Structures are given as structure tokens and as C-alpha cells.
Amino acid sequence: MDFGIRHRVPVFKQVRLLSAVTAAFLLCACLDIPDSPEPKNSASYVTVYAIQEDKADSASLKIHPESPATLKAEVYPKDLEPELKFAWYRDSLLGNGTNFSIPAYAEEESIPNKLVVKDGEGNTATVNFEITVNSPPTFTEDFSPAQGDTLYGTPRTSFAFSWKAFDSEDRSLDYVLELDTAHYYVGALEKIQQSGLQSGTHVFRVIVKDSEGDTDTLPLVKFYVVDTLEAKK
């Protein structure tokens, strides 16, 4: 289970004045430096992040539609959480609590883009965010050479390498071809001609990336080259 952290937003300033006075939480637009380094004065903030099994993205609030996900609000210091109320919105109220569940293939209008945090005194703070729903690209089984193929030629022969990936959101994908120990950025190309292959065993694979940074990798393909000039000797 992985965490994609998007926001760490200050919301309240906690000030305990006297033991006889209940702690008051004020909206924290600007943090004042206390006159003395009393540890009783501390700023608090709320973090919103997404949780999705076997999915990782630490740069943004991004989820894949094929699996359920959970939005979570976390307050620091943790002991403030029971005194606060959390409401998730998108135009209207969608749910309450520190967690919000997103089912697989959820409609856009059912995914929150705002969290409102409220304390016992009626003070509120708002965290605006945007969830990116993105399907990763997927390679098809249409690639060449196939696993175990034998290619016949010479080091001057240009052999064809081809592959195909599908992405429901992106029409143009970026590819990197790994051939033996070499790496070639080929952009949107799905077919190239490559010469210079010596007789023997070779391997290749392709990595695809979409515009949101999601990737897929073609399994490592082993193939063989037979030098036709050597075979005639």
C-alpha cells in the first residue's frame, strides 16, 4: 500500500493559555513567533493523500480507475484529530470523516476536490485539491521479434522491431527500446529498423510512458541471430 502526498496545508494555530482555559484553534493565515519557546504553542496542518493498493505516485494525487482508492486527511499533531470535523465536497457535500472511499470506475462528479476542516468553535479551513484519474498504458501481444525467434542475415542487415501499446486517455505515447545493453529513446515510434547485430543470442524489451508518467514494460524477449555469410562457409 502506497501513499501519494499532495498537500500539507496549515489550518489552525493551537494556543493553550492557562490550565483553566480550554484550547482554542484559530485559523492560521500567518504564524506568529511566540515570546518564549514554550512547547505548548504549536502550529497544526492537514495533509490530504490518496491510498491505492499496489499503486504508487508520490508527486500528485493520482489514482487508477480500475481499483478502489481512499482519500485520507491527516492532522498534525495527531491528538487534534478527535476535536475536528472533516467534510469532503465537490459542488455539494459528498461525505464526512477523515477517510473518503472512491470505488473503482467512479464518476468524476463523485470524487471530492475540496476538504473543509472545522473545529469546535466553528472555525473552518479549506483544502482545495484535484484528483487525477489515469489508466496506465498496456502493451498488446503484437510485438516482433517474438520470444525465441531466429533472424537470418549479416551485421549489415536491418531487422524490424515493432510493438504496440494501448492507452485509453493518450493517443501518443513515449517509448524506450532496450536492445542488449543499449537504450534508445524512440518517442512515439512503434517500429524501427536496427542493424549491427552479431550472430548469437540477443534480448530486447520496450518501456512505454504516458503523459501522466504511468508506465508499462514489455517482458524481456530473447531472440537469436544467425549470420548467413558464416553459415555458407
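All figures in this text were calculated on a predicted structure; none of them were measured in a lab.

A.B. asks: Residues and numbers for the pattern of salt bridges, please.
C.D. replies: Scanning the model with the defined rule gives six salt bridges in all. As a salt-bridge pair, Glu190 and Lys164 come within 3.3 Å of each other at their nearest N and O atoms. You can see Glu190 sitting in the loop between β17 (182-187) and β18 (191-194) and its partner Lys164 sitting in the loop between β14 (159-162) and β15 (165-166), a full 26 residues away along the chain. As a salt-bridge pair, Glu178 and Arg205 come within 2.6 Å of each other at their nearest N and O atoms. Separated by 27 residues along the polypeptide, Glu178 in strand β16 (residues 174-179) and Arg205 in strand β19 (residues 200-209) bring together distant segments of the chain. Of the residues examined, Arg205 reaches a relative accessible area of 30% and is grouped as partly exposed. When salt bridges that share partners are traced, they join Arg90, Glu108 and Glu130 into one network.

A.B. asks: A description of unusual backbone geometry should follow, citing residues and the corresponding values.
C.D. replies: For the bond from Tyr76 to Pro77, the omega torsion is -5 degrees, close enough to zero to count as cis. Within the secondary structure, Pro77 sits in the loop between β5 (69-76) and β6 (85-90). Cis geometry marks the peptide bond from Ser144 to Pro145; its omega dihedral reads 0 degrees. By secondary structure assignment, the location of Pro145 is in the loop between β12 (138-139) and β13 (150-153).

A.B. asks: Break down the packing of aromatic side chains for me, with residues and values.
C.D. replies: Here the structure, examined in full by the defined rule, presents eight aromatic pairs. When the ring of Trp88 is compared with that of Phe100, the centres are 6.2 Å apart and the planes differ by 45 degrees; the resulting orientation is tilted. Taken together, the positions of Trp88 in strand β6 and Phe100 in strand β8 (residues 99-102) put the pair twelve residues apart, joining distant regions of the chain. Just as Trp88 is buried, Phe100 falls in that class too. Consider the rings of Phe139 and Tyr175, whose centres lie 6.2 Å apart with planes at 45 degrees: the pair is tilted. Of the two residues, Phe139 is situated in strand β12 and Tyr175 in strand β16; the sequence distance between them amounts to 36 residues. Here Phe139 falls in the buried class, since its relative accessible area comes to 11%. A cation over a ring is seen here: Lys114 above Tyr89, with NZ or CZ 5.3 Å from the ring centre.

A.B. asks: Tell me about the confidence of the model for the protein chain, and name the residues and values.
C.D. replies: Detail in the predicted coordinates should be disregarded across regions flagged by low pLDDT. Confidence in the prediction for the protein chain averages 81 pLDDT; 77% of positions are at 70 or higher. Ranking the elements of the protein chain by mean pLDDT puts strand β2 (residues 24-27) last with 26 and β16 first with 98. Here residues 1-6 is a poorly scored stretch, pLDDT under 50, and it has 28 contacts once near neighbours within four places are set aside; other chains count. Across residues 13-42, confidence stays below pLDDT 50; counting only partners more than four residues off in sequence or on other chains, it has 40 contacts.

Thresholds applied
- Residues numbered from 1 in each chain as written.
- Predicted model: local features only at pLDDT ≥ 70, side-chain atom pairs only at ≥ 80, totals over all residues.
- Heavy atoms only, no water.
- Salt bridge = Lys/Arg side-chain N within 4 Å of Asp/Glu carboxyl O.
- Helix = DSSP H or I, 4+ residues; strand = E, 2+ residues; numbered from the N terminus.
- Buried < 20%, exposed > 50% of the residue type's maximum accessible area, 1.4 Å probe, protein only.
- Phe/Tyr/Trp six-rings, centres within 6.5 Å; stacked < 30°, edge-to-face > 60°.
- Lys NZ or Arg CZ within 6 Å of the ring centre and 35° of its normal.
- pLDDT = per-residue confidence, 0-100.
- Contact = heavy atoms within 4.5 Å.

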